[in-house]
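Residues per chain are reported as follows:
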Amino acid sequence: MGNSNGKFRGHSENNLQLEKGKTARNKNVKKGSGPVTQPVFPPEIIVEILSWLRLKYLPKMQLVCKQWYHIIQDRHFIEKQMSRALASDFMLFYNSTPQVADNRETFQLICTCDGLLLWKNNTTGKYQILNKTTQQILELPDPHTRSFAITFSFVRSTLNYKLVSIYPDEAETSNECCEVLTIAIDSSWRAIEMPNLRDIGKTRERVSVVSTGAVVHCFRVFKVGPDLFKEILSLDLGTESFTITSLSKIVYSDRENIWALDWYGKLAMAHMVKESLQVLVLEDYKKGRWAECGIVVPLAFMKEYEDVKADLAPVLVEGDSIWFWLREKKLFAYNFKTGISWYTIEAPDGHTTANKLFRQAPSLVKFKGMKPAQKIPDQQTDQPKVEGTLPPSVLLIIIRYSFLSHQFSSYSSMFFPFNNVI
């Protein structure tokens, strides 16, 4: 009997301790708010784990808790996640034009940045930014018409995105003008004074615009009488000021065969000579310092294109490959280390290709004022088949985390099956 009482007494004490624990926990819980638990890992570990997940799962991961929502929306996390995107996540975007015009509404892809696409409605002339992943758009104020080019950049020093438009000066037809739009901050485009030579005898020969991230470069060639001038105007998007670099000491035999390129984050001038591409990199645009030695890229495919050499132009440098455009017909990737043309994008039937190509990974970047897209512009995309997986050690961390954290497993199992991570 005594033993029975002891058992019941011990059982009652255990129940009492449990009730006390529940009462203590309930004091920290607001009415109607659900259980409160402490994170198993510090935020930096959670960031590290979540950044390895495929982007298509992150919208659901945002629903787990407020902490995860704010982590996934943070700029540092977005950059980390984009840097870890698999090669198979990247899409190639390009423009194609029907050979026979019709009355259908058409769109033109102007440029891209961090998974965002800048589109122009050719029918209305309106511009919008589209996040294809979130299916949201942002309507933009109208830029100046007849633009040479519009660029799209993230400016790390100011932590915002900016568009830059370079367009011809209507008052002085041989000069150029510049305007800038800070996205989600400016309600209209802001004019920035662009250095120009004021001479009535000046005539424009050529203008091309290249963005290398937070710097936009305008390569222009013009004549004053019999004299030919070549220069680069570089706009620092952080300070919104120009720097001029002269190309007077650099001699090219054929100025029509020169291209300005983004060469791994720096401006480069590329020149086709026989069966090679000669590249000169502007190492420091603020000091006007060019690389001491040029880069010679042998082009093993040139024999095949000898008859159409004048129609070839480099348009994009990515990894060990240079993408070339064969006027109106196709785009192809050439690996300059292996000497092999490894991928080709042919113009669709009844279309011609334009000399623009963009390679982007999807992202969750969004702006204030974005709305659900009622209509997604038709676009020409391509996705080279490249296999890739998460590092096994990271996958192991994710699997272990799902077992260690009760909160994670109870909430996220509704949204995210871990056996489908890869």
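Worth saying up front: this structure is predicted, and the values here are computed from it rather than measured. (Residues numbered from 1 in each chain as written. Predicted model: local features only at pLDDT ≥ 70, side-chain atom pairs only at ≥ 80, totals over all residues. Heavy atoms only, no water.)

A. Main features of the overall build of the protein chain. Secondary structure summary: the protein chain contains seven helices and 25 strands in total. Burial statistics for the protein chain: of 422 residues in total, 45% are counted as buried. For the protein chain, contacts bridging at least 24 residues in sequence account for 50% of all contacts bridging at least 6. (Helix = DSSP H or I, 4+ residues; strand = E, 2+ residues; numbered from the N terminus. Buried < 20%, exposed > 50% of the residue type's maximum accessible area, 1.4 Å probe, protein only. Contact = heavy atoms within 4.5 Å.)

B. Layout of the sheet that holds strand β10 (residues 202–211). Ordered in space as β10-β11-β12-β13, the four strands form an open sheet in which the pairing is antiparallel. In this open sheet, the two edge strands, each paired with only one partner strand, are β10 and β13 (241–246). Taking the axes of each pair of neighbouring strands and ignoring which way they run, one obtains an average angle of 20 degrees across the sheet. (Pairing = 2+ DSSP bridges. Axes fitted to C-alpha atoms, helices over the stretch in contact; angles between N-to-C directions.)

C. Seen up close, the sheet that holds strand β7 (residues 160–168). Strand order across the open sheet formed by four strands is β6-β7-β8-β9, with antiparallel pairing between neighbours. The sheet is open, and its two edges are formed by β6 (149–155) and β9 (190–192), each paired on a single side. Put simply, the sheet's adjacent strands are angled 30 degrees from each other on average, direction ignored. Taken together, the three bridges between strand β8 (residues 176–182) and β9 define a ladder with antiparallel strand orientation. What sits directly across from V180, in β9, is R190.

D. Representation of helix α2 (residues 43–50) within the structure. Considered for burial, the residues of α2 that qualify are I46, V47, I49 and L50. Down the axis of α2, the smallest arc covering the buried residues is 165 degrees, so these residues share one side. (Arc of directions from axis to C-beta.)

E. Structural view of the environment of I72. Residue placement: I72 occurs in helix α4 (residues 66–73). According to the relative accessible area criterion, I72 is buried, its value standing at 0%. C-alpha separation for the pair I72 and L364, spaced 292 residues apart in sequence, amounts to 8.3 Å. Among residues more than four places away in sequence, those in contact with I72 are L50, L58, M61, Q62, F77, I78 and L364.

F. Broad picture of the pattern of salt bridges. The final tally for this structure, using the stated rule, is 18 salt bridges. Here E79 and R75 are joined by a salt bridge, their closest N and O atoms 3.0 Å apart. Here E79 and its partner R75 are both found in helix α5 (residues 75–83), four residues apart, which amounts to about one turn of the helix. As far as burial versus exposure is concerned, E79 and R75 are alike and both buried. Two residues, R220 and E176, come together in a salt bridge whose shortest N-O distance is 2.7 Å. With a gap of 44 residues between them, R220 in strand β11 (residues 215–224) and E176 in strand β8 connect regions that are remote in the sequence. When its relative accessible area of 2% is taken as the criterion, R220 is described as buried. Given the relative accessible area of 2%, E176 is considered buried. Through salt bridges that share partners, R75, E79, D114 and R156 make up one connected network. (Salt bridge = Lys/Arg side-chain N within 4 Å of Asp/Glu carboxyl O.)

G. Broad picture of the packing of α4 against α5. Packing of α4 against α5 brings their axes to within 5 Å, and their N-to-C directions diverge by 65 degrees. In terms of orientation, α4 lies roughly perpendicular with respect to α5. Contacts between α4 and α5 involve I71, I72 and Q73 from the former and R75, F77 and I78 from the latter. (Parallel < 35°, antiparallel > 145°, perpendicular 65-115°, else oblique.)

H. How the structure looks around α5. For α5, the tally of buried residues reaches seven of nine residues, placing the bulk of the element in the interior. Turning to α5, its buried residues are R75, F77, I78, E79, K80, Q81 and M82. Residues of α5 that are buried sit in contact with α2, α3 (58–61), α4, β6 and β7. At the N-terminal end of α5, a side-chain oxygen is found 3.0 Å from the backbone nitrogen of H76, two or three residues along, and the residue is D74. (Polar contact = N/O pair within 3.5 Å; in protein donor to acceptor, adjacent residues only side chain to side chain.)

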